Structures are given as C-alpha cells and as structure tokens.
Amino acid sequence: MKHIFKKGNDQSTPTLLLLHGTGGTEEDLLQLAEIIDKDANVLSVRGNVLENGMPRFFKRLAEGVFDEEDLIFRTKELNEFLDEASVKYEFDRNNITAVGYSNGANIAASLLFHFTDALKGAILHHPMVPRRGIELPNLSDKNIFIAAGSNDPICPAQESEELKTLLENAGADVELHWENRGHQLTMDEVQAATAWYKA
C-alpha cells in the first residue's frame, strides 16, 4: 500500500496510523499527527481503491452503502500491511492507534470489528457502523474516541450512537464527542481528540 512512514522520537508511544477520507492521500492527515503526538511514529496510508479517480479504502455501492465483500477484503489487506510495516520499520505491532477521517475512520472501525489485535486504540472522526449483524471480537483493552457532527448529512447522529454502543458492548472504552457541525473535520474536534489521547 502506498504510504509514508516517519520514525518518532519516543518508541514507547503508539504508532499513529493515519487514514484519510474519500479523495484524500497519505499527505492529508500528517498535520493531525503533529498536533496529537509530535514524538510518535507516523504511518500514513493511501487507500487502494479508486472511485471516479478518488482514493478510498474500500468500495461502496452508493453514498452510505458499503460493498461488504470488498470491505472485508480491504480490512484484511490493511491488517496484513500493518503486520509487514511493523517488521520493516521496527515498531510495536501491538501499539498502534488509528486516526481516521470519514472513509478512513470506517476502515479503522472495520479493523476493530474484525481483528482483536489490529489496533490498540482509535480516534475516529465522523465514522459510520462498518458492518451489522456480526459478533465483534473482545475489545476490552481498547480506548476509542469518536468525533461526530450533530448536523452531519452523511453520518446521522444515531449512527455514531450505534457505533459507540456496539464497541462498548464488545468491551471497549469509548468517548463520543459532539460538534454542532456537519461532516467536516474541525480543529475543535482535533483538539478534543488530542486532549483525550493525552489524558
């Protein structure tokens, strides 16, 4: 997978896995990593799927309707890429925190839904529920931050609430942060996520 890796100054902190939104690239969220933890390793990945020329992490059938088969395949592909990258760049595979926005937050949530050990934690900006009707792995040692917009036209409020409930029922510790905004990624929610991460 096309990516950028930046070695951090403090190997005891999580490696930040950056996952962009639709149409983004591996450059998009580098500034977020600087704000959240300037000493951490950064692994920023570009999605392998193109939709009308725009990079994404998995296919969709329509707005808000995921191609489940492709989602499962791409989630497995990303998880295997993390295995390989941790060996290549010599970072702790068991200490990765995902930072995802929109489509990137959805693939991060899908990692949590499918693999117990894919991520240590996650900051999910405007995620949706990746899949329904499946049993989640044990997420009892995972810390997850969800940032949601109360007026988000793409991701309705109940979607964020449902994702929180599903993750909590699997044992995760989840904080849901609301902004009175739409689907855009705001500095206020980035700062809230940073405060949560550092707490």
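Residues numbered from 1 in each chain as written. Predicted model: local features only at pLDDT ≥ 70, side-chain atom pairs only at ≥ 80, totals over all residues. Heavy atoms only, no water.

Novice: How would you summarise the overall build of the protein if you had to cite specific residues and measurements?
Specialist: Along its length, the protein carries five helices and 11 strands. For the protein, the C-alpha radius of gyration of 15 Å lies close to 16 Å, the compact-globule estimate for 199 residues. Each principal axis of the C-alpha distribution contributes one length, and for the protein these read about 40 × 35 × 30 Å. Within the protein, buried positions represent 56% of all 199 residues. (Helix = DSSP H or I, 4+ residues; strand = E, 2+ residues; numbered from the N terminus. Rg over C-alpha atoms; globule rule 2.2 N^0.38 Å. Buried < 20%, exposed > 50% of the residue type's maximum accessible area, 1.4 Å probe, protein only.)

Novice: Residue-level account of the nonpolar core, with values.
Specialist: Leu17, Leu19, Leu43, Leu119, Leu124, Ile144 and Leu167 are the most contacted members of the largest nonpolar core, which totals 41 residues. By size, the runner-up hydrophobic cluster in this structure holds 19 residues, among which are Ile4, Ile123, Val190 and Ala193. (Core = buried A, V, L, I, M, F, W, Y, C linked by side-chain atoms within 4.5 Å.)

Novice: Can you explain the packing of helix α2 (residues 68-89) against helix α3 (residues 103-114)? Please cite residues and give values.
Specialist: Packed helices, taken two at a time, are described by the angle between their axes plus the distance between the axes. Contact geometry for α2 and α3: axes closest at 9 Å, N-to-C directions at 85°. Comparing their axes, α3 and α2 come out roughly perpendicular. On the side of α2, the interface is formed by Leu71, Ile72, Arg74, Thr75, Leu78, Asn79 and Leu82, while α3 contributes Ile107, Ser110, Leu111 and His114. Counted by class, the contact of α2 with α3 contains six nonpolar, four polar and one charged residues. (Axes fitted to C-alpha atoms, helices over the stretch in contact; angles between N-to-C directions. Parallel < 35°, antiparallel > 145°, perpendicular 65-115°, else oblique. Contact = heavy atoms within 4.5 Å. Nonpolar A, V, L, I, M, F, W, Y, C, P; charged D, E, K, R; others polar.)

Novice: Account for the sheet that holds strand β9 (residues 121-125), with residues named and values stated.
Specialist: Overall, mixed pairing links the seven strands, which are arranged β1-β3-β2-β8-β9-β10-β11 in an open sheet. Only two strands of the sheet have a single partner each, and these edge strands are β1 (3-6) and β11 (173-179). Neighbour to neighbour, the strand axes of the sheet diverge by 10° on average, direction disregarded. Along the sheet, α3 contacts β2 (15-19), β8 (96-101), β9 and β10 (143-149); its crossing angle with β8, the most-contacted strand, is approximately 145°. (Pairing = 2+ DSSP bridges.)

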